[in-house]
Amino acid sequence: IERIPFAQRIREADAETKDNYNQIKSLLVSYGLKNRTSNGGDAFRLHKVTYCKVTVAGKSLKLYLALDPADYKNTTLPIKDASSKAIYKDIPLVFKVKSGLSLRRAEQLITEMMDKHGIEQVDRVEVKDYASTLENTSDDEGDDD
């Protein structure tokens, strides 16, 4: 299995996936969250607490949010529970973003999450092109050819 770093996945993604990533990241950053991009994904945290992680799954984005999946059991939202995996125990709610509707629902979930944790929006949401500025974070920095 060849693991493709998150930055490379975003750069090679289609325009809609990049736009969705830019919208989501802009919203999260507007709450004052700091992000850290790794090979696995883009994690957003504030004061050592992780609130969201964005990964790429095929042609869609996966959001892991610090919300209880049980609260959304009987809703129309197609959410999943990832709390069985140790790395997602703090961010168990999984939501896939692949269309305009799912993007709007993701923004609604992010807003609800921030309200539940009592975090105010610091800036107004200004969408930037984060996808094209992602650096490759892989370990093979030097060329050995």
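Everything discussed here concerns the structure shown above.
Quick caveat: nothing in here was measured; it's all calculated off a predicted structure.

Student: Give a description of the pattern of salt bridges that names residues and reports values.
Tutor: Tallying each qualifying case throughout the model produces three salt bridges. Salt-bridge contacts for Lys 25 lead to Asp 42; the nearest nitrogen and oxygen are separated by 3.6 Å. On the criterion of sequence distance, the pair formed by Lys 25 in helix 2 (residues 15-30) and Asp 42 in strand 2 (residues 42-46) is long-range, its members being 17 residues apart. Given a relative accessible area of 0%, Asp 42 falls into the buried group.

Student: Which residues make up the packing of aromatic side chains, and what are the values?
Tutor: Inspection of the entire model under this criterion finds two aromatic pairs. Ring geometry for Phe 6 against Tyr 21: centres 5.7 Å apart, planes inclined by 65°, an arrangement best described as edge-to-face. Taken as a pair, Phe 6 in helix 1 (residues 6-12) and Tyr 21 in helix 2 lie far apart in primary sequence, 15 residues in all. Grouping residues by exposure puts Phe 6 and Tyr 21 together as buried. Centroid distance Tyr 64 to Tyr 88: 3.9 Å. Interplanar angle 0°. Geometry classified as stacked. You can see Tyr 64 sitting in strand 4 (residues 60-65) and its partner Tyr 88 sitting in the loop between strand 5 (79-81) and strand 6 (93-97), a full 24 residues away along the chain.

Student: For the sheet that holds strand 5, give the residues involved together with the corresponding values.
Tutor: Spatially, the six strands line up as an open sheet ordered 1-2-3-4-6-5, and their pairing is antiparallel. Single-partner strands in this sheet number two, and they are strand 1 (34-37) and strand 5. Neighbour-to-neighbour, the strand axes of this sheet turn through a mean angle of 25°, independent of strand direction. Note that strand 4 and strand 6 share five bridges and pair antiparallel. Paired with Leu 63 across the bridge in strand 6 is Phe 95. Of the strands in this sheet, strand 3 (49-57), strand 4 and strand 6 are in contact with helix 3 (residues 100-116), which crosses strand 6 at around 150°.

Student: Explain the environment of Val 56 residue by residue, including any values.
Tutor: Its location among the elements puts Val 56 in strand 3. Using a relative accessible area of 11% as the deciding quantity, one classes Val 56 as buried. Between the alpha carbons of Val 56 and Ala 82 there is a distance of 16 Å; along the sequence they are 26 residues apart. Apart from the residues within four sequence positions on either side, Val 56 is in contact with Phe 6, Arg 9, Ile 10 and Leu 61.

Each value, and the rule that gives it
- Residues numbered from 1 in each chain as written.
- Predicted model: local features only at pLDDT ≥ 70, side-chain atom pairs only at ≥ 80, totals over all residues.
- Heavy atoms only, no water.
- Salt bridge = Lys/Arg side-chain N within 4 Å of Asp/Glu carboxyl O.
- Helix = DSSP H or I, 4+ residues; strand = E, 2+ residues; numbered from the N terminus.
- Buried < 20%, exposed > 50% of the residue type's maximum accessible area, 1.4 Å probe, protein only.
- Phe/Tyr/Trp six-rings, centres within 6.5 Å; stacked < 30°, edge-to-face > 60°.
- Pairing = 2+ DSSP bridges.
- Axes fitted to C-alpha atoms, helices over the stretch in contact; angles between N-to-C directions.
- Contact = heavy atoms within 4.5 Å.

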